[in-house]
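Spelled out, the chains give:
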Amino acid sequence: MHNTIVAEMPKSNGDTEYIEIQTDKKGIENYLFDESHIIQGYADKIFYPEHESQISKILKNSNKEKNRITISGAGTGLSSSRVPLGGNVLSMEKISTIKSSKHIFEYEMYGKKYGISLYNSNGISYAIVPAGMPLMILREILKRNNLFYPPNPTEETSFIGGNISTNASGSRSYYYGSTRDYVMGMRILLPCGEVINLMRGDVYESHNRFEILLSNKEKLELELPTYTMPNVKKNSAGYYFKKNMDLVDLFIGSEGTLGVIEEAFLKVIPIPPITMPVYSFYADPNEAINFVNGLKNYSKDKNEEAFITVIEFYDNNSINLIKKNYSNIIPDNSKSIIYFEITAKNNESLLVALEKISKIMIDNNAIKDMSSFESDWALKAKEIRHALPVNVNEFLNKHHTHKVDTDICVPEDKLSIMLKYYSSIAEESQLYYANYGHIGDNHLHFNFLPRNKAEIEKAEIYSTKLLLKAVELGGTISAEHGVGKRTYMENNEILPLIKLMYGEKGVCEMAKMKKAIDPNLILNIGNIVPEKYLLECD
């Protein structure tokens, strides 16, 4: 094992002279926000590179001019990571096909071509995917080849590069894990414009550092942070650090601060033979939670013939937000919904699993459950799941506000404490909210839904209480969204969100590592580590 990787010059695979640039004010405005709507950014121009030599040229010029460059994906993020704070924007939307591989499979949508490379090695399938490929198009290409990419962030238009940058996950992480578990390698442009072709298993941490050797023999020494990450199933807060870690893992979840991901080398699997979505409804939220515990106990048997891949929770307010659309499905006395999916190798195994799980539902007084072998049921089940974020956004648009959300994950043995704390904060704050999400991973999104500016300010205060409780319990402040440029409020002071979890020392350690790879501080400034720490920490 060694901790050094050698960088190379970019491929000359296209015209480096002509790069499409947007300078029109209205055109630029589309890149100054993301789905969080927390902050409004500002920038001088937008670059639209089509291949790595153009990305390299943009980065080299930015270094020469010491001008900031912010990487922009699809804009579906919830932490303002793609929102520029000055300088220029590098849009990844035209990095949409693999240009230098064999076995390319293409797909066209709205006149635009997308392409990935597929191959099999020792019985395992892999896809080489461009960073600007939307998740839904990757899924479609794979489906046509009887393959499946398990991570499933809710927003299907998100780019693969953005998913990797935040270690996105979604509901299937209960069984399949997060994006990190499927990234086998990446082609990355460093802030200096040189390239590293990084494969899992090639470079490991040694003596708490990595080294990158540039073409001019200059050595970049990355001294890693020394903090301990929370022991939870999902975490996207700060730079990944563990002893003997792989260099691949440092770039996953780094939110574009250490380099520009151009291509990803992903592990994919055969399409599961049968997946059955099931909704179960409860009049008592405590019985819903007991049912979740029953599902988790069922999963401990490690039955490979039929297994639970998804466990999701909806509280009463979440139900009320979608009930009008599905009154024929959701009973009037429902106070909680548990949504889960069973994947099975055949119908016989599925029926055996359903019989066992039905008994768990009955033992916990489920008032109704919904499942079906009909093909249109899977589409209806997905529609119901996706109706909640849509209706949340409708509510917020109506009131011209934005949600004050959390992305908390806690250890398994602390979930019951966190659930009680959610309830106490909800009662104390008297604010409208919806609590839902990936309870199989002990990961819920408690979202305050303010109706005016005063309620937004109040929600920020109570959100901080939830975050502090999560850290106290050994959890994370961000399980899948990343921290981006997010802040929290404490004692009337606005502080960087990452500090809440790792403290002053941890943030400074991150700042030093960022400066080692990006000494001119040009790339995605403000993400994870606020500019103040980049300037002050030596």
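Each remark here, short or long, concerns the structure printed above.
Residues numbered from 1 in each chain as written. Predicted model: local features only at pLDDT ≥ 70, side-chain atom pairs only at ≥ 80, totals over all residues. Heavy atoms only, no water.

Take the pairing of strand β15 (residues 274-282) next. For β15, the tally of buried residues reaches 8 of 9 residues, placing the bulk of the element in the interior. Bridging between β15 and strand β17 (residues 336-344) involves 9 bridges; their strand directions are antiparallel. Bridge pairing in β17 places Met276 opposite Ile342. Where β15 lies against strand β18 (residues 368-370), 3 bridges are found, and the strand directions are antiparallel. Residue Phe281 lies in a different strand from β18, and its bridge partner there is Lys368. (Buried < 20%, exposed > 50% of the residue type's maximum accessible area, 1.4 Å probe, protein only. Helix = DSSP H or I, 4+ residues; strand = E, 2+ residues; numbered from the N terminus. Pairing = 2+ DSSP bridges.)

Time to look at the packing of helix α12 (residues 453-472) against helix α13 (residues 497-517). Each pair of packed helices can be summarised by the angle the axes make with each other and by the distance between the axes. Direction vectors running N to C along α12 and α13 enclose 30°, while the axes themselves pass 10 Å from each other. Overall, the two elements α12 and α13 adopt an arrangement that is roughly parallel. As for how α12 packs across α13, the hand of that crossing is right-handed. Seen from α12, the contacting residues are Leu467, Leu468 and Val471; seen from α13, they are Leu497, Leu500 and Met501. Grouping the amino acids of the contact of α12 with α13 by side-chain chemistry returns 6 nonpolar, no polar and no charged. (Axes fitted to C-alpha atoms, helices over the stretch in contact; angles between N-to-C directions. Parallel < 35°, antiparallel > 145°, perpendicular 65-115°, else oblique. Left-handed = near helix turned anticlockwise from the far one by under 90°. Contact = heavy atoms within 4.5 Å. Nonpolar A, V, L, I, M, F, W, Y, C, P; charged D, E, K, R; others polar.)

With that settled, consider the environment of Asn316. Looking at the element boundaries, Asn316 is found in helix α8 (residues 316-322). The residues contacting Asn316, other than those within four sequence positions of it, are Ser334 and Lys335.

For Arg82, the position within the fold is in the loop between β4 (69-72) and β5 (88-91). Among the polar contacts made by the side chain of Arg82, one reaches the main-chain carbonyl oxygen of Phe33 at a distance of 2.9 Å. Ignoring sequence-local partners within four residues, the contact set of Arg82 consists of Asn30, Tyr31, Phe33, Asp34, Thr70, Ile71, Ser72, Gly73, Ala74 and Gly75. (Polar contact = N/O pair within 3.5 Å; in protein donor to acceptor, adjacent residues only side chain to side chain.)

It is worth spelling out the sheet that holds strand β1 (residues 4-6) at this point. Pairing within the open sheet is mixed, and its 3 strands lie in the order β1-β12-β13. A strand with exactly one partner marks an edge of an open sheet, and here the two such strands are β1 and β13 (219-223). In this sheet, adjacent strand axes meet at a mean angle of 20° when their direction is disregarded. Here β1 runs beside strand β12 (residues 209-213); their pairing, made up of 3 bridges, is parallel. Bridge pairing links Val6 to Leu213 in β12. On top of the sheet, α13 reaches β12 and β13; it is set at about 170° to β13, its chief contact.

Taking 1.5 Å per residue, 15 residues should reach 21 Å; helix α11 (residues 415-429) reaches 21 Å between its end C-alpha atoms and fits that length. Where α11 is concerned, the buried positions are Leu415, Met418, Leu419, Tyr422, Ile425, Ala426 and Ser429. For α11, the buried positions fall inside an angular range of 125° around the axis, keeping them on one side. Of the exposed residues in α11, the ones pointing more than 90 degrees away from its buried face are Lys420 and Glu427. On its buried side, α11 packs onto α7 (285-299), β19 (408-409), β20 (433-438), β21 (443-448) and α12. Just beyond α11, the residue with positive phi is Gln430, at close to 60°. (Expected span 1.5 Å × (residues − 1). Arc of directions from axis to C-beta.)

The next point concerns the pattern of salt bridges. This structure, assessed with the given rule, holds 28 salt bridges. Across the salt bridge formed by Glu211 and Lys219, the nearest N and O atoms sit 3.6 Å from each other. Exposure remark for Glu211: the relative accessible area of 14% places this residue in the buried category. Since its relative accessible area comes to 43%, Lys219 is described here as partly exposed. The salt bridge partner of Glu383 is Lys380, with a shortest N-O separation of 3.3 Å. With Glu383 and Lys380 both in helix α10 (residues 375-399) and 3 residues apart, this pair spans about one turn of that helix. Judged by its relative accessible area of 30%, Lys380 falls in the partly exposed class. A cluster of three or more residues bridged by salt bridges with shared partners is formed by Glu8, Glu52, Arg187 and Glu262. (Salt bridge = Lys/Arg side-chain N within 4 Å of Asp/Glu carboxyl O.)

This paragraph deals with the packing of aromatic side chains. In the structure shown here, the tally under the stated rule is 18 aromatic pairs. Between the aromatic rings of Tyr279 and Trp377, the centroid separation amounts to 6.1 Å while the plane-to-plane angle is 80°, which identifies the pairing as edge-to-face. You can see Tyr279 sitting in strand β15 and its partner Trp377 sitting in helix α10, a full 98 residues away along the chain. We note that Tyr279, like Trp377, is buried. (Phe/Tyr/Trp six-rings, centres within 6.5 Å; stacked < 30°, edge-to-face > 60°.)

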